[in-house]
Amino acid sequence: MNEINSDTLFSEFNSSTNDEWKNKIIKELKGVDYSKLLWQSPEGIEIKPFYTHTDLKNIPAHTGFSESGNNWEISPEIFIENEEAANRQASDALKNGADAITFAFLDKASSDHCFFINESRQISTILHNLPLDKITIRFIAGRKTPVLIKLIEEALSEQITKLPKTKFVFDYDPIDFLIFNGRFFESEEKDFSTIAELINHCKVTFPNSRVLGISGYLFHNSGSTLVQELAYSLAIASEYLSILSEKGITVSEIAKHLNFNFGVGSVYFMEIAKLRAARILYNKLLKAFDSECTIPMFIHSVSSDFNKSSCDSYTNLLRNTTEAMSAIIGGADSLSIKPFDSTYTLPGEFSNRLARNIQTLLKEEVHLDKVNDPSAGSYYIENLTQSFIDETWKLFLEIEEKGGYIKAFKEGWIQKQISASKEKRIESIANRKEILLGVNQFPDLNEKIKNKISTHISKRKPSEKQKIAEPIKTFRAAEEFENLRIKTESMTKIPKVFLFTYGNLVHRKARAFFTTNFFGCAGFEIIDNPGFHTIEEGISAAKNSNAEIVVICSSDNEYVNIVPAIADKIKNNTILVLAGYPKENIELFKNAGIKHFIHARSNVLESLNNFQQLIIQKSEILK
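Since we're looking at a predicted model, the values are computed, not measured.

*Asks:* I tried to follow the overall build of the protein on my own but got confused; where do I start?
*Replies:* Counting its secondary structure elements, the protein contains 21 helices and 16 strands. Here the protein has a C-alpha radius of gyration of 28 Å; the compact-globule value for 623 residues is 25 Å, and the two agree. Dimensions of the protein, computed from C-alpha atoms along their principal axes, come out at roughly 85 × 70 × 50 Å. When each of the 623 residues of the protein is scored for burial, the buried share is 54%. Taking the contacts inside the protein whose residues are at least 6 apart along the sequence as the reference set, 78% of them involve residues at least 24 apart.

Dropping the structure here:
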């Protein structure tokens, strides 16, 4: 077989410059401003509509990735309420594709974990017959981690010969506790001394273990940008490296025990670039502490809670799938994909199996584990990666200038940054600039969610005891829309929205479709119509419907003639709404009695809350 010369492989094709591509696009836009195709991400990164090989000229080769494929651990999360059940679930997961397990000790009443684990017998039951010498076991046990380690040693005392081979990840993270409770486990000095003791202890007992966890995914679930999640995690790592080095632990030993837990959301390429940038930045940080340290970053990714919803919840499966691909292509070492229903109930066998199978398919059928750094060389992703490196390092240095992460957090600077990002996300979702399918766009009109939400699911509640800083709260983007739907479902009568469709077929259908999506997000009943032949016919049907809301759906040109006539007949009997916002005639419509307009720029959440309150007030008046 003749060897292919890569230099001449594409010689018959003319290469195109960036300017040629841009000029071609401008021509196709036919007068539309090219800048409209540029997108500013929430991180402040400008995304261009196209990238070519010339965009790689000033970007260094991104190194730090494995050279032996892209294999990752499939690590389902198991919440422990019952030891026997947890063991059965873990055994089943391992038989069906998992090669690691994450055990979380669930405590419904508090943000802390593991209050009830106090006997080695319980640990023995949880770990019974699991192949400990072949898998990784991750524990989420909060402040009880030191106790847990002791209990594990007692439970496995008869298997002591296997302990050196066992890979445990303990994720002990007092800074995480500070972030979400406003205080340390005991005190800053005591907690860091405990970390040093655990590292020295596990170095002998569990040499393959990782003691320290950095919970970046909790920033993600608090509404932070991806750059913030990355920069804060890096700054926390810097704190651990600095403080533990002063306690006599070498940089290499600290690095061996660090486990980075990153969230992964639905912004597909951005999440890939985030994880790729994380490795490069971490390597840069380690070199600053010890130029000879070559220990790579260990990344455990967790699917986002932020974008999950009880509304149209099977859509969460689609989100989970793209998130899994982002994490894997970005180079995660292990991955937990949460069941699609985990944010509103305790997952069962069905949803656990689906979550596990997403990863199994990507490994066994898509073979994403076979290629090292699969996105390497992509003009777009390489540029995104470099943008993340630049923006994250800039924010990291800003934190360092403020005295490090802990000091910046105690002063409230971190909280203000996350709060600002969170408010922008909330506004973007309320205005439908950011779409959550089934929540703020294209809702399932027949779905009821009130009875889906389990009382077992409780929010993480910060302790008020001895706070030294204001804690950060996690939240989900869908929460306010869910509350709106639940409030509707709790009403004695589900409000009806009557679509007064008239005139131009294209315009009335488009506005009826928009209106259906709009009010459907609140769980209101929609009464659609094929279009009325006369205004009188529509007025009669609207009155007979007994709908709380009537929305006029037609074209801007026809509104001028029909709106005053319609308003005159029914404005006193119902809440009358106009679909659209024709500026030139707004005063005319307002004078006719139209008080409410819905359109593409409406704040959907605010509008629906107002309509819901108007209906409640009106029903109270009628009583």
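Here the narrative resumes.
*Asks:* Can you walk me through the environment of Ser91 in this structure?
*Replies:* Among the secondary structure elements, Ser91 is positioned in helix 2 (residues 83-95). Look at Ser91 and you get buried, because its relative accessible area is 18%. Sequence separation between Ser91 and Ile101 is ten residues, and the spatial gap between their C-alpha atoms is 9.5 Å.

*Asks:* Teacher, can you tell me more about the sheet that holds strand 9 (residues 258-264) here?
*Replies:* Pairing within the open sheet is parallel, and its nine strands lie in the order 3-11-10-9-8-7-6-5-4. Sheet topology places strand 3 (73-74) and strand 4 (77-80) at the edges, where each strand pairs with a single neighbour. Strand direction decides the pairing type here: strand 6 (residues 136-140) and strand 7 (residues 167-172), joined by three bridges, are parallel. By the bridge assignment, Thr136 is partnered in strand 7 with Lys167.

*Asks:* How should the packing of helix 18 (residues 535-545) against helix 19 (residues 556-570) be read in this particular structure?
*Replies:* Two quantities define a packed helix pair, namely the angle between the axes and the distance from one axis to the other. Put simply, helix 18 and helix 19 touch, their axes get as near as 10 Å, and they point 35 degrees apart. Pair helix 18 / helix 19 crosses with right-handed handedness. For the pair helix 18 and helix 19, the contacting residues are Ile535, Ile539, Ala542 and Lys543 in the first and Ile562, Ala565, Ile566, Lys569 and Ile570 in the second. Among the residues forming the contact of helix 18 with helix 19, the class breakdown is seven nonpolar, no polar and two charged.

*Asks:* Teacher, can you tell me more about the side chain of Glu239 here?
*Replies:* Assignment of secondary structure puts Glu239 in helix 8 (residues 226-246). Salt bridges are absent for the buried Glu239, whose nearest opposite-charge side chain, Lys410, sits at 8.7 Å.

*Asks:* Any chance you could explain the sheet that holds strand 13 (residues 525-527) here in plain terms?
*Replies:* Backbone-to-backbone hydrogen bonds join strands into a sheet, with any given pair of strands oriented parallel or antiparallel. Strand order in this open sheet of five strands is 13-12-14-15-16, and the pairing throughout is parallel. Looking at which strands have only one partner, the edges of the open sheet turn out to be strand 13 and strand 16 (596-598). Averaged over neighbouring strand pairs, the angle between their axes works out to 25 degrees when direction is ignored. When strand 15 (residues 575-579) meets strand 16, the two strands line up parallel, connected through three bridges. Opposite Leu578, over in strand 16, you have Phe597 as the bridge partner. Against the sheet, helix 19 contacts strand 12 (496-501), strand 14 (549-553) and strand 15, and its axis sits at roughly 165 degrees relative to strand 14.

*Asks:* Would you mind going over the pattern of salt bridges with me for this structure?
*Replies:* Pairing between side chains of opposite charge can happen when the charged atoms of each approach one another. For the structure on display, the rule yields 28 salt bridges. Residue Asp92 is joined to Arg356 by a salt bridge in which the shortest nitrogen-to-oxygen separation is 3.9 Å. Of the two residues, Asp92 sits in helix 2 while Arg356 sits in helix 12 (residues 349-364), which places them 264 residues apart along the sequence. On the accessibility criterion, Asp92 (33% relative accessible area) is partly exposed. According to the relative accessible area criterion, Arg356 is buried, its value standing at 8%. Ionic pairing is found between Glu119 and Arg121, a salt bridge with its closest N-O pair at 3.2 Å. Since its relative accessible area comes to 37%, Glu119 is described here as partly exposed. Sharing partners across several salt bridges, the network here consists of Glu229, Glu271 and Lys274.

*Asks:* It is not clear to me how the packing of helix 5 (residues 174-181) against helix 8 should be interpreted in this structure. Could you clarify?
*Replies:* Close contact between helix 5 and helix 8 brings their axes to 11 Å; oriented N to C, the two are set at 130 degrees. Relative to helix 8, the element helix 5 lies oblique. From helix 5, Pro174, Ile175 and Ile179 reach across to helix 8, where they touch Ile236, Glu239 and Tyr240. In terms of residue class, the contact of helix 5 with helix 8 is built from five nonpolar, no polar and one charged.

*Asks:* Sorry, what's going on with the side chain of Thr574 here?
*Replies:* Within the secondary structure layout, Thr574 lies in the loop between helix 19 and strand 15. Of the polar contacts made by the side chain of Thr574, one reaches the backbone oxygen of Ala547; its length is 3.2 Å. Beyond its immediate stretch of four places on either side in the chain, Thr574 contacts Ala547, Glu548, Ile549, Val550 and Lys618.

The rules we used
- Residues numbered from 1 in each chain as written.
- Predicted model: local features only at pLDDT ≥ 70, side-chain atom pairs only at ≥ 80, totals over all residues.
- Heavy atoms only, no water.
- Helix = DSSP H or I, 4+ residues; strand = E, 2+ residues; numbered from the N terminus.
- Rg over C-alpha atoms; globule rule 2.2 N^0.38 Å.
- Buried < 20%, exposed > 50% of the residue type's maximum accessible area, 1.4 Å probe, protein only.
- Contact = heavy atoms within 4.5 Å.
- Pairing = 2+ DSSP bridges.
- Axes fitted to C-alpha atoms, helices over the stretch in contact; angles between N-to-C directions.
- Left-handed = near helix turned anticlockwise from the far one by under 90°.
- Nonpolar A, V, L, I, M, F, W, Y, C, P; charged D, E, K, R; others polar.
- Lys, Arg positive; Asp, Glu negative; His and termini not counted.
- Salt bridge = Lys/Arg side-chain N within 4 Å of Asp/Glu carboxyl O.
- Parallel < 35°, antiparallel > 145°, perpendicular 65-115°, else oblique.
- Polar contact = N/O pair within 3.5 Å; in protein donor to acceptor, adjacent residues only side chain to side chain.

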